[in-house]
Amino acid sequence: MLLEFALALWFYFITLFFTVIGLPLVLRATGSRDASIGLAQIAGWSLSGYVVWLCASLHLLSARNLLVWWPVLLLAAAGCVVCLIRSGERGLLVEALHTQGTGVAVYVGFLWIRAHHGDLLSGGEKIMDMALLASAVKSDSFPFFDMWWGTLPVNYYYYGQYLIGLLANLSGVAPSLAYNLGLGLVVSMSATIGYALLRTLEVPRLLALCGTGLVLGSAGVSFTWKLLVAVVTGGPLPMWTLAVRSAPELMQEMPAYSFLAGDLHAHVIAIPYFLACLLLLAFVFRAERPAPALWALFGLLTATSILINAWNGISIALVYGIVFLRRWKDIGWWNYSLALAVGIVVLMTPFLVSFRSPASGIGFSPLYAASRGGFATYPTPLPLLMNWAFWLLVIGVCAWKLRTQVRAVMPFWVLLAAGGAALMIGVELIFLKDLYHLTTPAWFRSNTLFKFGVHSWMLLTVATVGALQQLAGGRKWLPWTIAVYASIYPMLTISQFYGLFLTPGPNSVMSLDGTATLRLRYADAMAAVDWIQANVPDRKVFVEAACDSYSLCGIVSAYSGMRNPIQWKTHEWGWRLTRDGPQATLAQIEAIENDVRNVYQTSDLALMGALLRKLQADYVVVGDVERGTYGGIDDARFGRVGQLVFDRPHMRIYRVGR
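Predicted model only: the values in this text are computed from it and were never measured. Starting afresh in each chain, residues are numbered from 1 along the sequence in its written order. The predicted origin of the model limits local features to residues at a pLDDT of at least 70 and limits the giving and counting of side-chain atom pairs to 80 or more, whereas totals for whole chains, interfaces and linings rest on all residues. Remark: hydrogens and water are excluded; side-chain values derive from all non-hydrogen atoms of the structure.

1. Describing the overall build of the chain
Test applied: Starting at the N terminus, helices and strands are each numbered in turn, a helix being any DSSP run of H or I of at least four residues and a strand any DSSP run of E of at least two. For the radius of gyration, the atoms used are the C-alpha atoms, and the globule rule reads 2.2 Å times the number of residues raised to 0.38. Exposed residues in this analysis have more than 50% of their type's maximum accessible area, buried residues have under 20%, and partly exposed residues fall in between, with area computed by a 1.4 Å probe over protein chains only. Any two residues whose heavy atoms approach within 4.5 Å at even a single point are treated as in contact. For accessible areas, the Shrake-Rupley method is used with a probe of radius 1.4 Å. Any residue's cover is judged against the shown protein chains and nothing else. In this charge count, Lys and Arg are treated as positive and Asp and Glu as negative; neither His nor the chain ends contribute. We put the charge of a Lys on NZ, of an Arg on CZ, of an Asp on CG and of a Glu on CD.
When helices and strands are tallied, the chain shows 30 helices and 6 strands. Relative to the 2.2 N^0.38 estimate, which gives 26 Å for 658 residues, the radius of gyration of the chain is 25 Å and therefore close to what a compact globule would have. By its C-alpha atoms, the chain is 85 × 65 × 50 Å across when sized along the principal axes. Taking all 658 residues of the chain together, 59% fall into the buried category. For the chain, restricting intrachain contacts to residue pairs at least 6 apart in sequence, the fraction spanning at least 24 positions comes to 75%. When the accessible surface of the chain is summed, it comes to about 25,400 Å², and 65% of that surface belongs to carbon and sulfur atoms. Looking at the chain, you have 45 positive and 35 negative side-chain charges, and the mean spots of the two groups are 10 Å apart.

In structure tokens:
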């Protein structure tokens, strides 16, 4: 554990170079010391990461060429230090590094929590996220080959895992450790940026700290009520995972749940970016004539946010549209807005060339539900809706009390509240068509609800803190505001602190390494991963048993960054869903699955060789998963078409070439 935390500090230390690089850019854009310190880390990471990604995407330089990227990073950081000193901002540099101490404290604190259940077998889609991260770490150029449809480029969101993978490569940290360290970094940046956002809304430091905890650490009213009733009555405690669900097919996620659940999803990695875009938008809104540098930085972080999670683009565009309606008559807003849109598209172009949205269009929820005879969970049940409506109630009371001031000078928190409310209404009326609406109608808006739920949560909680602060601006309402904070803060955070009392399972160990538990339960499979990491430097195709989603099939390639002919079939089908031929895509997947099955089951060596060439296979894995999936397997056959290169009692790997 001590070694893991030492590596964690080294991992974080590298981000200080990004902080130094980002400081001059953010200071020039915002002119605010608080905002510059809060945004410097993510701005420098975004700029540096984009340069590396662009060069790799254009095949100019390998993303793994550390002999180039380390000197470039050091020279860029040194140049920014010189610029800050010459401009008289030496104090800002020192203050920024001191503030990073708070970020480190949040980072280490979260990692200590995460170490108690840091394995990547505790449900969810952690294996998928791990596979994306390991693939990004192993890739020289982008887009890389899909880890679970190995002959095609990945068309799903990989940019967030790439950014964390860049840190893994720079630090030399293994992907299985970088997974949890990257999650800790996301939490830390969310806290520092959330604090800077609230300070920009003129919230005092102490209340800004409390408000940041409210935005990122609170859960919903309905679950908190269930938990308190269980404690008072002595009944069974509800599962903490129910904090975001009132039915299996309904999830309205909030940051606290995302962080504790531990899935390194695109929408989780994008949380600090969403907050950063809101922070910059606050400066854009307040400036009489926003500086070009501010527009440029807002464009860079918005483009990065969308590259990580395209759903962010819709929510940011919505809030920007609300701000635009307020400012559209001002000089230059039309021109700057057009330039902003064009710039974002240009920055994203290398990604858009290969990206294919898993959504095949939009639908109108009331009509869809009616056409299917209605659903018990549509519209959203009141208990789940109340999680968000609670914030609207507090905001509404504050807005009514401040109605004269709000009409005179529209505060930014009102616009955020409008954006959050619009998202809540929007997900009740409109859904994005994905695989669920075709295969599981009751789940038709599951993705839409939870992807936009986390955005509406942040918009409404930030707006709530801003509203309470403005209400407390006069002494008359100060006691009332303190009473509100004193009552809602413990009530809403208790259900997430409840998640901290989770204990590791009987086969879990306290570790930040995501493979620690796997090494206990699947020692030979993890030994195979170690062998691959040491002996196969490039991404090759490893044939493993082809199974459906949420299985343990493909864990060797997932943890080593290699490619499978086909894996997690439903996910691949969903990612590559097309408007015209969803069944055709499924037929392709099933055909590859059938070829993989024949590789393991056929006794015809000529057919096996032909199938291996068709699958572009370099290695074949024969382990307990394969034997359990396909029954008895004659290992001797693989020895006749290839060479045994790894041999353990429960795992063998054959190099078969092409």
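2. What about the sheet that holds strand S6 (residues 651–655)?
Consider a sheet: its strands pair through backbone hydrogen bonds, and that pairing is either parallel or antiparallel. Our working rule: Two strands qualify as a pair provided that DSSP identifies no fewer than 2 bridges between them. Note on method: axes are straight lines fitted to C-alpha atoms, helices fitted across the in-contact stretch only, with angles between N-to-C directions ranging 0 to 180 degrees.
With mixed pairing, the 4 strands of this open sheet are ordered in space as S3-S4-S6-S5. Strands at the two margins of the open sheet, each flanked by one partner only, are strand S3 (542–543) and strand S5 (643–648). Strand direction decides the pairing type here: strand S4 (residues 619–623) and S6, joined by 5 bridges, are antiparallel. Bridge pairing in S6 places Val621 opposite Ile653. Together, S3, S4, S5 and S6 form the strand contacts of helix H24 (residues 523–535), whose direction differs from that of S5 by roughly 135°.

3. Some thoughts on the nonpolar core
If you look at soluble globular proteins, the nonpolar side chains tend to sit buried side by side. Keep this limit in mind: The criterion is simple. A nonpolar core is a set of buried Ala, Val, Leu, Ile, Met, Phe, Trp, Tyr and Cys residues joined through side-chain atoms within 4.5 Å.
In this structure, Tyr162 and Tyr559 are the most contacted members of the largest nonpolar core, which totals 195 residues. Residues in contact with Tyr162, not counting those within four places in the same chain, are Gly49, Val52, Trp53, Ala136 and Phe142. If you look at the next biggest cluster of nonpolar residues, it comprises 28 residues, including Trp149, Leu577, Val596 and Phe638.

4. Considering the environment of Met510
Residue placement: Met510 occurs in the loop between helix H22 (478–497) and helix H23 (516–521). Here the alpha-carbon distance between Met510 and Glu572, two residues 62 residues apart in the chain, equals 33 Å. Discounting chain neighbours no more than four positions away, the residues touching Met510 are Met1, Trp112, Ala115 and His116.

5. Digging into the packing of helix H19 (residues 412–429) against helix H21 (residues 446–471)
What counts is decided by this rule: Orientation categories follow fixed angle ranges, with anything under 35 degrees roughly parallel, anything over 145 roughly antiparallel, 65 to 115 roughly perpendicular, and all other angles oblique. Take the far helix as your reference; a near helix turned counterclockwise from it by less than a right angle gives a left-handed crossing, and one turned clockwise gives a right-handed crossing. Think of it as three bins: nonpolar holds Ala, Val, Leu, Ile, Met, Phe, Trp, Tyr, Cys and Pro, charged holds Asp, Glu, Lys and Arg, and polar takes everything else, Gly as well.
Packing of H19 against H21 brings their axes to within 8 Å, and their N-to-C directions diverge by 150°. Viewed along their axes, H19 and H21 adopt a mutual orientation that is roughly antiparallel. Handedness of the crossing formed by H19 with H21: left-handed. Of H21, the residues touching H19 (which contributes Trp413, Leu416, Ala417, Gly419, Gly420, Ala421, Leu423, Met424, Val427 and Glu428) are Thr448, Leu449, Phe452, His455, Ser456, Leu459, Leu460, Val462, Ala463, Gly466, Ala467 and Gln470. Residue classes in the contact of H19 with H21 are distributed as 14 nonpolar, 7 polar and 1 charged.

6. Section: helix H9 (residues 221–233)
The following threshold applies: Expected span of a helix: the number of residues minus one, times 1.5 Å.
Taking 1.5 Å as the rise per residue, H9 with 13 residues should run 18 Å; its terminal C-alpha atoms sit 18 Å apart, in good agreement. Among the residues of H9, Val221, Ser222, Phe223, Thr224, Leu227 and Ala230 are the ones counted as buried. With its phi angle positive at about 75°, Gly234 sits one or two positions after the end of H9.

7. Section: the pattern of salt bridges
The test is simple: The working definition used for a salt bridge is a side-chain nitrogen of Lys or Arg within 4 Å of a carboxyl oxygen of Asp or Glu.
Overall, the coordinates contain 14 salt bridges when judged by the stated rule. Where Lys126 meets Asp263, a salt bridge forms, and the shortest distance between an N and an O atom there is 3.1 Å. Residue Lys126 is found in helix H5 (residues 126–138), and its partner Asp263 is found in the loop between helix H10 (255–261) and helix H11 (266–269); the two are separated by 137 residues along the sequence. Each member of the pair, Lys126 as well as Asp263, is classed as buried.

8. As for the side chain of Thr448
Condition: Throughout this description, a polar contact denotes any pair of N or O atoms lying within 3.5 Å of each other; where both atoms belong to protein, one of them has to be capable of donating a hydrogen while the other can accept it, and for residues adjacent in sequence the pair is counted only when both atoms sit in side chains.
With respect to the element layout, Thr448 can be found in helix H21. For Thr448, a relative accessible area of 2% puts it in the buried group. Within the structure, Thr448 has its side chain in polar contact with the backbone nitrogen of Leu432 (distance 3.1 Å).

9. Considerations on helix H14 (residues 310–327)
The end-to-end C-alpha separation of H14 is 26 Å, in line with the 26 Å expected for 18 residues at 1.5 Å each. Within H14, burial applies to Trp311, Asn312, Gly313, Ser315, Ile316, Val319, Tyr320, Ile322, Val323, Phe324 and Arg327. In this fold, the buried residues of H14 make contact with helix H12 (271–286), helix H13 (292–308), helix H15 (333–352), H19, strand S2 (430–432) and H21.

10. Points about unusual backbone geometry
Look at the link from Phe142 to Pro143: it is a cis peptide, with omega at 0°. Relative to the assigned elements, Pro143 resides in the loop between H5 and helix H6 (159–171). Residue Tyr378 is joined to Pro379 through a cis peptide bond whose omega torsion reads -5°. Relative to the assigned elements, Pro379 resides in the loop between helix H16 (365–371) and helix H17 (382–401). The phi angle at Glu202 is positive, at roughly 65°, despite the residue not being glycine. Counting through the fold element by element, Glu202 comes out in the loop between helix H7 (175–200) and helix H8 (205–217). A relative accessible area of 59% means that Glu202 is categorised as exposed. Of note in the backbone geometry, Trp568 takes a positive phi value of approximately 45° without being a glycine. Position of Trp568 relative to the elements: it lies in the loop between helix H25 (555–560) and helix H26 (569–575). By relative accessible area, Trp568 is classed as buried at 1%.

Geometry only, nothing functional implied.
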